[in-house]
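Structural features, examined
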Amino acid sequence: MGVIKRGLEFLKDKAKNSNYAIVSFIFRILLGFIYLTIFVSLSFQVKELIGSKGLLPIAELVKNNPSLNYFDFPTLHLFFNSDAALFVLLFIGIIFSITLILGYFPRISLIACFAIYLSYVTSGREFFYFQWDNLLLESSFLTLFLPLKGRLFGKKSLQESSILLIFLFRWLLFRLYFESGIAKLLYGQNDWLKLSAMKYYYETAPLPSLGGWFAQQLMPGWFHVTSVFVIFFLELIVPLFLFYPRKLRIFSFYLLTFFNLIMLTTSNYGFFNFLAIFLGIFLLDDKHILNFKKINDYFKNIEIRKASGLGIKLATILIVFIVPFSIFEYIPFAKPNFDMPNFVA
């Protein structure tokens, strides 16, 4: 416990000149827009995916498995699974995502968005079991502990966020990139470690875009080989900068944002790249955010209160549980099932 205490004191000392109230406020709004986009998009797809005549009808699953309960299968569709109910629940999600953006009952709104999206992830099964679905749910869970008050329009009165909670967002961002890089090293013996993965990536990326077609058809072989090294740098080296002093963190934000923008132009991962960019703002602080004139003007007469003691205690508990468990869960996958090549070993 002494090590943990010293680590927490170190984080507080490093953050004494940094504020994150505006950063947290902006992220809450951006998260609301992601939920709004998802719920609107799902309203055009849900009937064909999990409706009564869909590919994976949820009503049929519930009917054939009467022993299902919410703790084993966390979805509101256990209770409301008619085709009409699927649309109504999405409409409720749209309303709550708007109130989350505007700042009305933000914590209740976020809990509602979280519960509704979790319901569709669970009910959608194979259609939703992807990295970005888990990322959104974990991001939303952490956001619940941020001070969420603050209206989009009108006088701004915000509360400072605990640096311990900001650290957890950075830890989430670190895991997102670093684990992706490690997975390429451990399981990419036939492509990534032979430096050939990017020759085929643009053909196999989700819904390849026009930018991906140009990259595949027009870029020379050396470009694809170099791209592999660049990706290893961005996913294995740059994430280490997330815990370094302020200037390196800000530099990392722009590097990783550029990385995600390139991915957006060459493939279609839905909201994934947008969420990764939005999470990156936790690498910044209010001082840097206010360097942008329009943002500075928007927050001109802002009132910021100190972080609450309860928020700090909750963040401490989260760190003690989340960081070790997120390390332990990855250990079983961290052993390669082949001999690493000389230049990696």
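What counts and how
- Residues numbered from 1 in each chain as written.
- Predicted model: local features only at pLDDT ≥ 70, side-chain atom pairs only at ≥ 80, totals over all residues.
- Heavy atoms only, no water.
- Axes fitted to C-alpha atoms, helices over the stretch in contact; angles between N-to-C directions.
- Helix = DSSP H or I, 4+ residues; strand = E, 2+ residues; numbered from the N terminus.
- Parallel < 35°, antiparallel > 145°, perpendicular 65-115°, else oblique.
- Contact = heavy atoms within 4.5 Å.
- Nonpolar A, V, L, I, M, F, W, Y, C, P; charged D, E, K, R; others polar.
- Buried < 20%, exposed > 50% of the residue type's maximum accessible area, 1.4 Å probe, protein only.
- Polar contact = N/O pair within 3.5 Å; in protein donor to acceptor, adjacent residues only side chain to side chain.
- Expected span 1.5 Å × (residues − 1).
- Left-handed = near helix turned anticlockwise from the far one by under 90°.
- Salt bridge = Lys/Arg side-chain N within 4 Å of Asp/Glu carboxyl O.
- Phe/Tyr/Trp six-rings, centres within 6.5 Å; stacked < 30°, edge-to-face > 60°.
- pLDDT = per-residue confidence, 0-100.

Observations concerning the packing of helix H2 (residues 21-43) against helix H13 (residues 272-279)
At a minimum axis distance of 10 Å, the contact between H2 and H13 shows a crossing angle of 175°. Here H2 lies roughly antiparallel to H13, going by the angle between them. Across from Phe 27, Leu 30, Leu 31 and Ile 34 in H2, the residues of H13 making contact are Phe 274, Leu 275, Phe 278 and Leu 279. For the contact of H2 with H13, the per-class residue count stands at 8 nonpolar, no polar and no charged.

Notes on the side chain of His 77
With respect to the helices and strands, the residue His 77 is situated in the loop between helix H4 (58-64) and helix H5 (83-102). Residue classification places His 77 among the buried residues on the basis of a relative accessible area of 0%. Reaching out from His 77, the side chain makes a polar contact with the side chain of Ser 123 at a distance of 2.7 Å. Residues in contact with His 77, not counting those within four places in the same chain, are Ile 50, Ile 58, Val 62, Leu 86, Leu 89, Ser 119, Tyr 120 and Ser 123.

Description of helix H12 (residues 246-266)
The periodicity of an α-helix, 3.6 residues per turn, causes residues three or four positions apart to be oriented the same way. For H12, spanning 21 residues, the distance from its first C-alpha to its last is 31 Å, which sits close to the expected 30 Å at 1.5 Å a residue. Taken together, the buried positions of H12 are occupied by Arg 249, Ile 250, Ser 252, Phe 253, Leu 256, Thr 257, Phe 259, Asn 260, Met 263 and Thr 266. Buried-residue contacts for H12 involve helix H8 (163-187), helix H9 (197-204), helix H10 (210-218), helix H11 (221-237), H13 and helix H14 (286-289).

Quick look at the packing of H2 against helix H7 (residues 131-143)
Contact pair H2 / H7: the axes reach a minimum separation of 12 Å and the direction vectors enclose 140°. One finds that H2 runs oblique with respect to H7. Crossing handedness for the pair H2 and H7: left-handed. Counted together, Phe 27, Leu 31, Ile 34, Tyr 35 and Ile 38 of H2 and Leu 136, Ser 139, Ser 140 and Thr 143 of H7 form the full contact between these two elements. Residues belonging to the contact of H2 with H7 are distributed by class as follows: 6 nonpolar, 3 polar and no charged.

A few points about the pattern of salt bridges
With the rule as written, the count across this model stands at 5 salt bridges. As a salt-bridge pair, Lys 184 and Glu 235 come within 3.0 Å of each other at their nearest N and O atoms. On the criterion of sequence distance, the pair formed by Lys 184 in helix H8 and Glu 235 in helix H11 is long-range, its members being 51 residues apart. Judged on exposure class, the residue Lys 184 and its partner Glu 235 are both buried. Between Asp 285 and Arg 246 there is a salt bridge, and its shortest N-O distance comes to 2.6 Å. Placement of Asp 285 in the loop between H13 and H14 and of Arg 246 in helix H12 is noted, with a sequence separation of 39 residues between them. Under the relative-accessibility criterion, Arg 246 is labelled partly exposed at 27%.

Brief notes about the packing of aromatic side chains
For the structure on display, the rule yields 26 aromatic pairs. A ring pair is formed by Phe 130 and Trp 132, whose centres lie 5.1 Å apart and whose planes are at 5°; its orientation type is stacked. Residue class for Trp 132 comes out buried when judged on its relative accessible area of 18%. Relative to Tyr 269, the ring of Trp 132 has its centre 5.6 Å away and its plane inclined at 75°; by these criteria the two rings are edge-to-face. Of this pair, Trp 132 sits in helix H7 while Tyr 269 sits in the loop between H12 and H13, and the two are 137 residues apart along the sequence.

Examining H7
The end-to-end C-alpha distance of H7, which contains 13 residues, comes to 18 Å, matching closely the 18 Å that a straight helix rising 1.5 Å per residue would cover. Along H7, the residues classified as buried are Trp 132, Asp 133, Leu 135, Leu 136, Leu 137, Ser 139, Ser 140, Leu 142 and Thr 143. Turning to H7, the residues buried within the fold contact H2, helix H6 (106-124), H8, H13 and helix H16 (309-328).

Some points on the confidence of the model for the chain
Across the chain, the average pLDDT comes to 86, with 90% of residues at 70 or higher. By mean pLDDT, helix H1 (residues 2-14) is the weakest element of the chain at 47, and H5 is the strongest at 96. In this model residues 1-10 is a low-confidence stretch, pLDDT under 50, and it forms 4 contacts with partners more than four residues away in sequence or in other chains. Here residues 340-345 is a poorly scored stretch, pLDDT under 50, and it has 6 contacts once near neighbours within four places are set aside; other chains count.

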